[in-house]
Amino acid sequence: LDGAPAARALHDDGPGHPVAFARASLAPLTVLEGDVGAREVLGGLGVVDVDVEGDAPTDVDTPEDLARLLGSAPSDIDEHGSGR
């Protein structure tokens, strides 16, 4: 991070993940609930964007997201995120 509070990938289609946080910037993340992400926290930190070629990868937060990405039913995904 080279002294920055956070760094974020900046893809061809805009900012995305992965995001890295400095240890000193972790406290605001501990109060997030649900699938809200850290977008608002990042906005207050002065994030450094790192250019990455290509579009942002698909965000996978739930078994249903993973199933959509893999083209299978959520019940086909085990607790480790693998297909059965």
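Residue positions within a chain follow its written sequence, with the count starting from 1. In view of the model being predicted, local features appear only for residues whose pLDDT reaches at least 70, and side-chain atom pairs are presented and counted only at 80 or more, with totals across whole chains, interfaces and linings using the full set of residues. Processing note: side-chain calculations cover all non-hydrogen atoms of the structure and skip hydrogens and water entirely.

## Brief notes about helix α2 (residues 63-70)
The buried label goes to any residue with under 20% of its type's maximum accessible area, the exposed label to any with over 50%, and the partly exposed label to all in between, with areas taken from a 1.4 Å probe on protein chains only. Working definition: helices are DSSP H or I runs of at least four residues, strands are E runs of at least two. Numbering for both runs from the N terminus. Buried within α2 are the following residues: Asp65, Leu66 and Ala67. Following α2 by one or two positions, Gly71 adopts a phi angle in the positive range, close to 70°.

## So, the pairing of strand β2 (residues 14-21)
Any two strands with at least two DSSP-identified bridges between them are counted as paired. As judged from the five bridges shared by strand β1 (residues 6-11) and β2, these two strands associate in the antiparallel manner. When the bridges of β2 are listed, Arg8 appears paired with Val19.

## Regarding the environment of Ala4
Looking at the secondary structure, you find Ala4 in the segment before β1. In contact with Ala4, other than residues within four places in its own chain, are Ala22 and Val48. Should any heavy atoms of two residues lie within 4.5 Å, those residues are counted as being in contact.

## Examining the sheet that holds β2
Hydrogen bonding along the main chain pairs the strands of a sheet, whether they run parallel or antiparallel. Spatially, the three strands line up as an open sheet ordered β2-β1-β3, and their pairing is mixed. In the strand order of this sheet, the two ends are held by β2 and β3 (48-51), each with one partner. Direction aside, the axes of adjacent strands within the sheet are offset by 35° on average. By the bridge criterion, four bridges tie β1 to β3 in an arrangement that is parallel. When the sheet's bridge partners are listed, Leu10 is paired in β3 with Asp51. Geometry is summarised by axes, namely lines fitted to C-alpha atoms with helices restricted to the contacting stretch, and by angles between N-to-C directions that run from 0 to 180 degrees.

## Digging into the pattern of salt bridges
Should their charged atoms come close, side chains of opposite charge can pair. Criterion for a salt bridge: a side-chain nitrogen of Lys or Arg within 4 Å of a carboxyl oxygen of Asp or Glu. Overall, the coordinates contain two salt bridges when judged by the stated rule. Among the ionic pairs, Asp49 bridges to Arg8, the shortest N-O distance being 2.8 Å. Here Arg8 lies in strand β1 and Asp49 lies in strand β3, a separation of 41 residues in the sequence. Judged by its relative accessible area of 35%, Asp49 falls in the partly exposed class. Salt-bridge contacts for Asp65 lead to Arg68; the nearest nitrogen and oxygen are separated by 2.5 Å. Pair noted here: Asp65 and Arg68 are both in helix α2, with a separation of three residues, about one helical turn. Accessibility expressed as a relative area gives 60% for Arg68, which makes it exposed.

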